[in-house]
Amino acid sequence: MKRVLYPALLLPLTAAAQLSGEPQPLTERVNVQADSARMEQIINGEWVAVGIRKAEAIQHDPTRLYKGAPSVRFTLGHDDNTLAGYSPGETKGRAELSYCYATATDFAGLPAETYVEAQKMKTVYHYGKGICPQGTKWSYRFAVYVPSTLSPEVYTIFAQWHGMPDRTLVTAPNGQVERLSPERFIALHDTTVIKKDVVYTAIEGTDKRGRPIRKAGEPTGWKVEQGGYPPLAFGFSEGVFYIKANSDRRWFTDKSDRCNANAVRTPLLKPVCSEYKASTIAYRLPFAEFPKDCWVTFTVEVDWTRYGRETERIEAPGRLDVRMAWEGREEHIVDDAQVLIGRNDDEGYYFKYGIYRVAGSTVPVSYNLAGYRQWERN
């Protein structure tokens, strides 16, 4: 599988945005798991956008510069949650940029069916750029500008690293975990209905326009790997800024295991653990003390935990180091902490930033992000 870690294209943000001096909507969206990105969907040669398509959700913002360059403004209003939450009746809202995506160039020279199969397996982005493989060592840098008008009651993740689950890893009705060949998975996909991690029998029907569709019938007992909590997240919750590291050593994720450290009540660097998972609050700061109306730059070093795939062992622990700088000050907020951080996926991790509003919150959110860079360390 081919990987390009950094983009060859350096497309400028829209000419209209640069000429007008006003924030300009970025309304193109890409499903990075199931679709490749077209050239016109790539933002500044580095990103593609995901989430709600409203004009104000993601904007190129020349009115708020970071080191002389325009930033990106992210905004979600009261009614902008479009995703189902973890609990019944709970909602989530998303407006983010993904550093990982694939383009048609990444599939050049491969058999014609490769892309179609990747779409069905939702592994299109596995062929793209921005991936940090499991067990490797990386540094990251990004900056956030939080206005003093932002409510302390927001529940939002503004930066997160995601795992990259492979849906060919399945649990059979007898409980046996196995890896399906692409051919076997495509056969399963084409004869059933898969919703999240559950596989249902297919019922042939038609939509309101009379077009043929397949509806979900009864669960078949099969489940597909879908992933879980992000291995690393920076966000605001319950009146604090927090950094959370998650680990899951299980080969096939148990979605019912909600091992998840509370941002306020969990002691720092004391992981909350279940049989396979660990969740650690690495840092916490009262929202009132988080710097406002200025750029706050984070420099993050991560040694991703190395897992044993089918053995479900921890082969090497992880490490996290974070520095936070603003207005001439710098604080070493996480000092070379040994921490379990990652997922037992084959591929690794990728970065997103923006707004991921959680916990059913509808409190309006708006802030700017800029200055992202990632590089591998020896």
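Check the entry above for the structure.
(A) Focus on the packing of helix α2 (residues 113–121) against helix α3 (residues 182–191). The interhelical angle for the contact between α2 and α3, taken along N-to-C directions, is 60°, at an axis separation of 10 Å. Considering their axes alone, α2 and α3 lie oblique with respect to each other. Where α2 crosses over α3, the two elements pack in a sense that is left-handed. Here α2 contributes Glu117, Lys120 and Met121 to the contact with α3, which in turn contributes Pro182, Phe185, Ile186, His189 and Asp190.

(B) Spatial organisation of the packing of aromatic side chains. If you walk through the whole model with that rule in mind, you get 35 aromatic pairs. Between Trp47 and Tyr99, the aromatic rings sit 5.1 Å apart at their centres with planes inclined by 65°, giving edge-to-face as the arrangement. Taken together, the positions of Trp47 in the loop between β1 (24–25) and β2 (48–51) and Tyr99 in the loop between β6 (91–98) and α2 put the pair 52 residues apart, joining distant regions of the chain. Centre to centre, the rings of Phe142 and Phe234 are 5.5 Å apart; their planes meet at 80°, and the pair counts as edge-to-face.

(C) Examining the sheet that holds strand β22 (residues 318–326) more closely. On the basis of which strands lie adjacent, the open sheet formed by 8 strands has the order β1-β3-β4-β26-β8-β19-β22-β23 and antiparallel pairing. This sheet does not close on itself; its edge strands, each paired only once, are β1 and β23 (329–339). Direction of pairing for β1 relative to strand β3 (residues 58–66): antiparallel, over a ladder of 2 bridges. Note on β3: the bridge partner recorded for Pro25 is Gln59.

(D) Region of interest: the sheet that holds strand β10 (residues 169–171). Read across the sheet, 5 strands follow the order β11-β10-β14-β13-β12 without closing on themselves; strand pairing throughout is antiparallel. Since the sheet does not close on itself, it has two edges, and those belong to β11 (177–179) and β12 (192–195), each with one partner. Across the sheet, the axes of successive neighbouring strands diverge by a mean angle of 45°, strand direction being ignored. In this sheet, strand β14 (residues 212–224) lies alongside strand β13 (residues 198–206) in antiparallel orientation, the contact comprising 7 bridges. Across the sheet, the residue bridging to Ala202 is Ala216, located in β14. The sheet strands contacting α3 are β11, β12, β13 and β14, and the helix crosses β12 at an angle near 95°.

(E) Highlighting the side chain of Lys352. Along the chain, Lys352 turns up in strand β25 (residues 348–357). Owing to a relative accessible area of 5%, Lys352 belongs among the buried residues under this scheme. Side chain to side chain, Lys352 and Glu96 meet in a polar contact 3.2 Å long. For Lys352, the contacting residues outside a window of four places in its chain are Arg94, Glu96, Leu97, Ser98, Ala159, Gln160 and His162.

Cut-offs and rules
Within each chain, residues carry numbers counting from 1 in the order of the written sequence. With the structure being a predicted model, the display of local features is reserved for residues of pLDDT at least 70 and the display and counting of side-chain atom pairs for 80 or more, all residues being used for whole-chain, interface and lining totals. The side-chain quantities take in all heavy atoms of the structure and omit both hydrogens and water. Only the stretch in contact is used when fitting a helix axis, every axis being a line fitted to C-alpha atoms; angles between N-to-C directions are given from 0 to 180 degrees. The helix count covers DSSP runs of H or I at least four residues long, the strand count covers runs of E at least two residues long, and both are numbered beginning at the N terminus. Angle categories: roughly parallel below 35 degrees, roughly antiparallel above 145, roughly perpendicular from 65 to 115, and oblique for all the rest. Crossings are assigned a handedness: left-handed for a near helix turned anticlockwise from the far helix by less than a right angle, right-handed for a clockwise turn. Contacts between residues were defined by any pair of non-hydrogen atoms, one from each residue, lying within 4.5 Å. Side-chain rings of Phe, Tyr and Trp (the six-membered ring for Trp) are treated as a pair once their centres are within 6.5 Å; stacked means planes under 30 degrees apart, edge-to-face means over 60, and tilted covers the remaining angles. What makes two strands pair is DSSP finding at least two bridges between them. For the exposure calls, accessible area comes from a 1.4 Å probe over protein chains only, and a residue counts as buried if that area is under 20% of its type's maximum, exposed if over 50%, partly exposed in between. Here a polar contact is recorded for every N or O atom pair within 3.5 Å, except that within protein the pair must consist of a potential hydrogen donor and a potential acceptor, and residues adjacent in sequence are included only if both atoms are side-chain atoms.

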